[in-house]
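# Observations on the three-dimensional arrangement
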Amino acid sequence: HDLISKLGDRTVEKGFYTCEGRKLMTEFIFEPEQIVLPLFTSVPVVSDFGKKCVCEGIVGATTWFKECVKTVSFEYFVVDYDFEKQVYFTHFAEKLFVHKGDVLPKGHTFEIDDLPTDFVTRMVFLSVVYYDAANGNPGLIDQQGMAGLRCLEVYSKGMDNCDND
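Report on the accompanying structure.

Moving on, we come to the pairing of strand β7 (residues 121-132). Judged by how many residues are buried, β7 sits mostly within the fold: 11 of 12 residues are covered. Sheet topology places strand β3 (residues 71-82) next to β7; 11 bridges connect them, and they run antiparallel. Bridged to F74 within β7 is V128. By the bridge criterion, 9 bridges tie β7 to strand β9 (residues 147-156) in an arrangement that is antiparallel. What sits directly across from M123, in β9, is V154.

Let us look at the pattern of salt bridges. Tallied over the entire structure, the rule returns 2 salt bridges. E27 serves as the salt-bridge partner of K23, at 3.1 Å between the closest nitrogen and oxygen. With a gap of 4 residues between them, K23 and E27 both fall in helix α2 (residues 19-27), about one helical turn apart. Residue classification places E27 among the partly exposed positions, given a relative accessible area of 42%. D80 is the salt-bridge partner of R122, the closest N and O atoms lying 2.5 Å from each other. Linking R122 in strand β7 with D80 in strand β3, this pair joins segments that are 42 residues apart in sequence. Comparing R122 with D80 shows no difference in burial state: the two are buried.

The biggest cluster of nonpolar side chains holds 25 residues, and the ones touching the most others in it are F74, Y76, F110 and L126. Formed by 9 residues, the second largest nonpolar core is a distinct cluster that contains F77, F125, C151 and V154.

As a further point, take the sheet that holds strand β6 (residues 107-111). Spatially, the 3 strands line up as an open sheet ordered β1-β2-β6, and their pairing is antiparallel. The sheet is open, and its two borders are formed by β1 (45-47) and β6, each paired with just one other strand. Here the average twist between neighbouring strands, direction ignored, is 15°. Note that β1 and strand β2 (residues 52-56) share 3 bridges and pair antiparallel. Residue pairing across strands places S47 opposite K52, the latter belonging to β2.

Across residues other than glycine, the phi torsion is negative in most instances, and most of the peptide bonds are trans. In the Ramachandran plot, D48 falls in the positive-phi region, its phi being about 55° despite a non-glycine side chain. Within the element layout of this structure, D48 appears in the loop between β1 and β2. For D48, a relative accessible area of 45% corresponds to the partly exposed category. Positive phi is not limited to glycine here, since F49 has a value of about 55°.

Rules used throughout
- Residues numbered from 1 in each chain as written.
- Predicted model: local features only at pLDDT ≥ 70, side-chain atom pairs only at ≥ 80, totals over all residues.
- Heavy atoms only, no water.
- Buried < 20%, exposed > 50% of the residue type's maximum accessible area, 1.4 Å probe, protein only.
- Helix = DSSP H or I, 4+ residues; strand = E, 2+ residues; numbered from the N terminus.
- Pairing = 2+ DSSP bridges.
- Salt bridge = Lys/Arg side-chain N within 4 Å of Asp/Glu carboxyl O.
- Core = buried A, V, L, I, M, F, W, Y, C linked by side-chain atoms within 4.5 Å.
- Axes fitted to C-alpha atoms, helices over the stretch in contact; angles between N-to-C directions.

Following this line, the structure appears as structure tokens:
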């Protein structure tokens, strides 16, 4: 039940100003097989309005990779969107690559050094992509479940109060 807008007057922007709307975005499944969060012992923690993300305990041994998987990449990025101007800017942290046979890191901190402090709506994402090693070069694996995307947090100016820093 929409308590913000009259019938026919709903917008994503208005939804992002509410706790419920932001929760819907962070719970949205972008892939039928969500493979991002199960790769960590706990949910990644985002801070400083997306500037930093701490991922604790990358789980499993790389021996659980499917036979064709040689490398997994983790990419943390932030999308700043201005609904009024209908423009967006994407900011990336350095990718983390884990190769089959590597010792898994106990955790990893992604950080975006030059992230602007001024934004209208900010969405924070973590993606996971599996690669093979055809001819010595990494190549995307074109199979169901071999890529995943998860929205970790949404920040909006003018939002109501709830668990959001």
